[in-house]
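Below are the chains, spelled out letter by letter.
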Amino acid sequence: MSVVDAILIGRNEGARIEASLASLKGQARRIIFVDSGSTDDSVAKARAAGVEVVELDNSIPHSAARARNAGFAAAMAHDTPPDYVQFIDGDCQTVAGWVAKGAAFLDANPGHYLVTGWTREINRDASIYNQMCDVEWLRPAGPIQACSGNMMVRASAFEQIGGFNMAVIAAEDDDLCVRLAKAGGKLERIPEDMTRHDAATYKFSQWWRRAERTGHGFGQVGHLHPDYFVRERQRMLIYALAVPVATLVLLALIGWPALLLLLIYPLNWWRTAKGLLAEGLPASEARRHAVLLTISKFPNLQGYLRFHLRRLTGADMRLIEYK
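Report on the accompanying structure. (Residues numbered from 1 in each chain as written. Predicted model: local features only at pLDDT ≥ 70, side-chain atom pairs only at ≥ 80, totals over all residues. Heavy atoms only, no water.)

### Structural notes on the overall build of the protein
Stage number 1. Scanning the protein from N- to C-terminus turns up 12 helices and nine strands.
Stage number 2. For a compact globule of 323 residues, the expected C-alpha radius of gyration is about 20 Å, and the protein comes in at 21 Å, within 12% of that figure.
Stage number 3. Counting only C-alpha atoms and orienting by the principal axes, one finds that the protein spans roughly 75 × 45 × 40 Å.
Stage number 4. When the accessible area of the protein is evaluated, it comes to approximately 14700 Å², of which 58% is carbon and sulfur surface.
Stage number 5. For the protein, the distance from the average position of its 36 positive side-chain charges to the average position of its 34 negative side-chain charges is 7 Å. (Helix = DSSP H or I, 4+ residues; strand = E, 2+ residues; numbered from the N terminus. Rg over C-alpha atoms; globule rule 2.2 N^0.38 Å. Areas by Shrake-Rupley, 256 points an atom, 1.4 Å probe, with all protein chains shown as cover. Lys, Arg positive; Asp, Glu negative; His and termini not counted. Charge placed at Lys NZ, Arg CZ, Asp CG, Glu CD.)

### Quick look at the environment of Gln93
Stage number 1. Within the secondary structure layout, Gln93 lies in strand E5 (residues 92-94).
Stage number 2. Relative accessible area serves as the criterion here: at 30%, Gln93 is assigned to the partly exposed category.
Stage number 3. In sequence terms Gln93 and Trp269 are 176 residues apart; their C-alpha atoms lie 34 Å from each other. (Buried < 20%, exposed > 50% of the residue type's maximum accessible area, 1.4 Å probe, protein only.)

### Comments concerning the environment of Phe72
Stage number 1. Along the chain, the position of Phe72 falls in helix H3 (residues 64-76).
Stage number 2. Distance from Phe72 to Val85, taken between C-alpha atoms, is 7.5 Å for residues 13 residues apart in sequence.
Stage number 3. Those residues in contact with Phe72 that lie beyond four places of it in its chain are Ile7, Val85, Ala155, Phe158 and Glu159. (Contact = heavy atoms within 4.5 Å.)

### Structural notes on the nonpolar core
Stage number 1. Val34, Phe87, Leu114, Met151 and Leu180 are the most contacted members of the largest nonpolar core, which totals 40 residues.
Stage number 2. Here the element with the most residues in this core is H3; it accounts for five residues.
Stage number 3. In this structure, Phe87 is in contact with Ile7, Arg68, Gly149, Asn150, Met151, Val153, Phe158 and Phe164, ignoring residues within four places of it in sequence.
Stage number 4. Within the second largest apolar cluster, 14 residues are counted, among which are Ala6, Leu21, Ala28 and Val51. (Core = buried A, V, L, I, M, F, W, Y, C linked by side-chain atoms within 4.5 Å.)

Okay, here's the thing in structure tokens:
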């Protein structure tokens, strides 16, 4: 029977770390908690739960990629290394039975390097931002290009590609998935509940920072894999850069009629809302979500430009935190 070890990463997760650890009990052979410099009692809670704890050196910039790699190294140091590794973020709870279902899928499909399932928000309707996360997570089952950091990976394949790229501070999960596929592996989302996520996003400023981080990922992962995030980068550059610049130029040349170019934004809102309605979202939610999705290209561009500025100046790729 295949062996699965769970790697849980977190930083200042508070009570959520207890719930996350409890949800994994009895599902994996070992649970390894990797702490990225918490200043609360996360480490104490993990030790009290009886799991192995890895505390990262605070003198080196933290990232999810670095934490997951450290957890994997600890898992592989065991006398009997795992066949599969289940990565879980500290703001998530694992659904009962998921680990066995994920392992059974990989057992039956040796050509697959990764399997994931469905994630839902714990407090979906606490804010529009949580609702948007819930919609973002619930993607169709079947073959996939990429998924979030909650995933079960074949340990041999993870080693083969060298694990997560620790220089990638956003969309590091996309980067890993792209490299797994390029190594010849298949990736699948199966129609099973996997995790419950706590976005805990209640302010516009938090949402903006999260969207900025997404744009940083568009830039960094797109720089590493030019054939990935192509449409996302195109939309961002058109709506957040090309249209505003063109409007300003035409305004100087022809005056107020140039403002008609800005009608592209309500058109984008309408098309986005129509797409969300087609996915089954209630009309009121679709309209509200479409507003933020239309605006999101601007913080995306901010993060995208931040990545390239860091790249060109040699600055550290530091986390963009939103909670």
